[in-house]
Amino acid sequence: MSSQRKLKIGIACYPLVGGSGILASALGIELAERGHEVHFFSYAKPVRLDTSLPRIHFHPVSVSKYKLFEYADYTLPLAVKMAEVADHEHLDIIHAHYAVPHATAAYIAKRMAKQDKLRIVTTLHGTDTTLLGRDPNYRRAIEYSLQHSDMVTTVSNSLRRDTEEIFDVGKAVKVIHNFYTPGVPTRSRQEMREELGLGNSFTLFHASNLRSVKRIDLLLESVSRCRNLSRLKLIILAGSSFEEFRSKVRELGLENVVIVRENGYPIENYIEASDLGIYTSQTESFCLSILEGMFLGKASIAFRVGGIPEVMVEGESGVLCDFEDCEAMAGEIDRLVENRDRGRRFGEAAKSRAFSEFTAERIVPQYLDCYEQALGQ
Ligand code: GMT
């Protein structure tokens, strides 16, 4: 098959602000721009997907409610929708982003589809391996779905190692790093800083869904231990309610430091207004948010976990500390507050690394190769 052949690709993903859905949407948009027809499957329109774009199609999956079901099932309606569209549109590939339940639904769809050339590519994003993969209620179904995917990819070497340790995948796992295409900030740094009341503070920036793996307790703890607290602000772009953390903010005396935005769009405006990203996750297969900052010339400080050292180069395009060492993290933040040029240098290095390693131009062809390999099997 020629690499120029235009494909019909189904993408199953979560519609939420989580990294897997964001990456899946960005990939679909890039594929459509390259002339491929892309069919999205999800229970709601993915947040960053513009369905008015040419060659982008969205197939909402609706879940019927029955009194008999205490827990509504999504996997089967998703599989039925994928099989219907695969038959009707003659899909070549279903690309499942996040194994649960997408890879399992894709396998059922493949078995139900009337055509036999449909191929499945599954991309593991993180907690589908590191959390659900360790859950005995899910492990076997995930492993089975990976064994029956034609290709399996992970977003980092670290996640590939975890995946191969936890599952018998039965085939080589391909690493394809995440990519990002930065939007242009719609407001200037100065405008945003004025609006947020940042004054001359050194401004830290954190964006996440606040789930327990993100260890927001350690984030707040680290910031609270900084000697230069009075010169600091922390912007938190929260992908879910921040309410449960308010008491910790008060307890640590951070009321005048923490600024929370639950619908902080576009994210680029907030990154532009800040000086340094901060991430305290206990696991992170890649950390797309760090990459978003890097594209806008902002380095991050983070714990040395998972795939983060593949995204930033320690001591060059970012700062890493041992997991849970809030004292060390506070000390490193203080060094950057006291020497802002150092942070700016890290930021420039971060930007040049982002543009050389993690652009769509570099990454999307790797997914296309993967589809070709799957179709060649
Ligand atoms: O943890 C999140 O922010 C969401 C989650 C997801 O699957 O949506 O993120 C995972 O996938 C991202 C995209 O590949 C990675 O950048 C994140 O590191 C990964 N999160 C974890 O591994 C905890």
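A.B. asks: Any details on the overall build of the chain? Residues and values, ideally.
C.D. replies: Per the secondary structure count, the chain includes 15 helices and 13 strands. Against the 2.2 N^0.38 benchmark of 21 Å for 377 residues, the chain shows a C-alpha radius of gyration of 21 Å, consistent with a compact globule. Of the contacts made within the chain by residues no fewer than 6 positions apart, 69% connect residues no fewer than 24 positions apart. Where the 46 positive side-chain charges of the chain centre and where its 50 negative ones centre are 2 Å apart.

A.B. asks: Lay out the packing of aromatic side chains in plain terms, naming residues and giving numbers.
C.D. replies: A complete count under the given rule lists 9 aromatic pairs for this structure. Ring plane angle 55 degrees and centroid distance 5.9 Å describe the contact between Tyr 180 and Phe 295, whose orientation is recorded as tilted. Taken together, the positions of Tyr 180 in the loop between strand S7 (173–175) and helix H7 (189–196) and Phe 295 in helix H11 (residues 288–295) put the pair 115 residues apart, joining distant regions of the chain. Judged by its relative accessible area of 8%, Tyr 180 falls in the buried class. Judged by centre distance (5.6 Å) and plane angle (90 degrees), the rings of Phe 303 and Phe 323 are edge-to-face. With a gap of 20 residues between them, Phe 303 in strand S12 (residues 300–303) and Phe 323 in the loop between strand S13 (318–321) and helix H13 (326–338) connect regions that are remote in the sequence. You can call Phe 303 buried: its relative accessible area is 1%. Given the relative accessible area of 31%, Phe 323 is considered partly exposed. Taken together, Tyr 180, Phe 295 and Phe 355 form an aromatic cluster joined through their ring pairs.

A.B. asks: Account for the domain arrangement of the chain, naming residues and giving values.
C.D. replies: Examined at the domain level, the chain breaks down into domain 1 (8–179 + 359–376) and domain 2 (189–357). Computed from C-alpha atoms alone, the centre-to-centre distance between domain 1 and domain 2 is 30 Å. The interface is formed by 20 residues belonging to domain 1 together with 18 residues belonging to domain 2. Summed over both sides, the interface of domain 1 with domain 2 buries roughly 1,500 Å², with 55% coming from carbon and sulfur.

A.B. asks: With reference to specific residues and values, describe the environment of Ile 301.
C.D. replies: Within the element layout of this structure, Ile 301 appears in strand S12. We classify Ile 301 as buried; its relative accessible area is 0%. In this structure, the C-alpha to C-alpha distance between Ile 301 and Arg 111, residues 190 residues apart in sequence, is 46 Å.

A.B. asks: Please give an account of the sheet that holds strand S9 (residues 232–238) that cites residues and values.
C.D. replies: Taken together, the 6 strands give an open sheet; going across it, the order is S10-S9-S8-S11-S12-S13, and neighbouring strands pair in parallel fashion. At either margin of the open sheet sits one strand with a lone partner, and together these are strand S10 (258–261) and S13. Neighbour-to-neighbour, the strand axes of the sheet open up by a mean angle of 25 degrees, direction not taken into account. Bridging between strand S8 (residues 202–208) and S9 involves 7 bridges; their strand directions are parallel. Along S9, the bridge assignment pairs His 206 with Ile 236.

A.B. asks: An account of a nonpolar patch on the surface is requested, with residue identities and associated values reported.
C.D. replies: Together, Val 17, Val 47 and Tyr 265 make up an exposed nonpolar region whose accessible area comes to about 270 Å². Here Val 17 is to be found in the loop between strand S1 (8–12) and helix H1 (19–33).

A.B. asks: Describe the packing of helix H8 (residues 216–224) against H13, with residues and values.
C.D. replies: Where H8 contacts H13, the two axes come as close as 8 Å, and the packing angle between them is 50 degrees. Overall, the two elements H8 and H13 adopt an arrangement that is oblique. Regarding H8 and H13, the two cross each other, and that crossing is right-handed. The segment H8 lies against H13, with Leu 218, Glu 221 and Ser 222 engaging Cys 326, Met 329 and Ala 330. Of the residues in the contact of H8 with H13, the class split is 4 nonpolar, 1 polar and 1 charged.

A.B. asks: Run through the site of the ligand, naming residues and quoting values.
C.D. replies: Around the ligand, the surrounding shell holds 19 residues, and the nearest of these are Ser 20, His 125, Asn 178, Lys 214 and Glu 284. Note that an oxygen atom of the ligand is positioned 3.0 Å from one of the backbone N or O atoms of Cys 287. In isolation the ligand has 480 Å² of accessible area, and contact with the protein removes 94% of it. Class assignment of the residues belonging to the shell around the ligand gives a composition of 6 nonpolar, 10 polar and 3 charged.

A.B. asks: Hey, could you go over the pattern of salt bridges for me, with residue numbers and the actual values?
C.D. replies: Overall, the coordinates contain 24 salt bridges when judged by the stated rule. Two residues, Arg 215 and Glu 324, come together in a salt bridge whose shortest N-O distance is 3.9 Å. In this pair, Arg 215 sits in the loop between S8 and H8 while Glu 324 sits in the loop between S13 and H13, placing the two residues 109 residues apart along the sequence. What makes Arg 215 buried here is its relative accessible area of 18%. Judged by relative accessible area, which is 45%, Glu 324 ranks as partly exposed. Arg 227 is the partner of Asp 334 in a salt bridge, and the nearest nitrogen-oxygen pair spans 3.8 Å. In this pair, Asp 334 is assigned in helix H13 and Arg 227 in the loop between H8 and S9, connecting sequence segments 107 residues apart. Overall, Asp 334 belongs to the buried group, its relative accessible area being 2%. Given the relative accessible area of 60%, Arg 227 is considered exposed. Three or more residues are tied together by salt bridges with common partners; here these are Glu 221, Arg 225, Lys 248 and Glu 327.

Reading the values: the criteria
- Residues numbered from 1 in each chain as written.
- Predicted model: local features only at pLDDT ≥ 70, side-chain atom pairs only at ≥ 80, totals over all residues.
- Heavy atoms only, no water.
- Helix = DSSP H or I, 4+ residues; strand = E, 2+ residues; numbered from the N terminus.
- Rg over C-alpha atoms; globule rule 2.2 N^0.38 Å.
- Contact = heavy atoms within 4.5 Å.
- Lys, Arg positive; Asp, Glu negative; His and termini not counted.
- Charge placed at Lys NZ, Arg CZ, Asp CG, Glu CD.
- Phe/Tyr/Trp six-rings, centres within 6.5 Å; stacked < 30°, edge-to-face > 60°.
- Buried < 20%, exposed > 50% of the residue type's maximum accessible area, 1.4 Å probe, protein only.
- Domains from an automatic or database assignment.
- Buried area = accessible area lost by both parts, 1.4 Å probe.
- Pairing = 2+ DSSP bridges.
- Axes fitted to C-alpha atoms, helices over the stretch in contact; angles between N-to-C directions.
- Patch = residues over 30% accessible without salt bridge, like charges linked within 9 Å, V, L, I, M, F, W, Y side chains within 5 Å.
- Areas by Shrake-Rupley, 256 points an atom, 1.4 Å probe, with all protein chains shown as cover.
- Salt bridge = Lys/Arg side-chain N within 4 Å of Asp/Glu carboxyl O.
- Parallel < 35°, antiparallel > 145°, perpendicular 65-115°, else oblique.
- Left-handed = near helix turned anticlockwise from the far one by under 90°.
- Nonpolar A, V, L, I, M, F, W, Y, C, P; charged D, E, K, R; others polar.
- Near = heavy atom within 4 Å.
- Polar contact = N/O pair within 3.5 Å; in protein donor to acceptor, adjacent residues only side chain to side chain.

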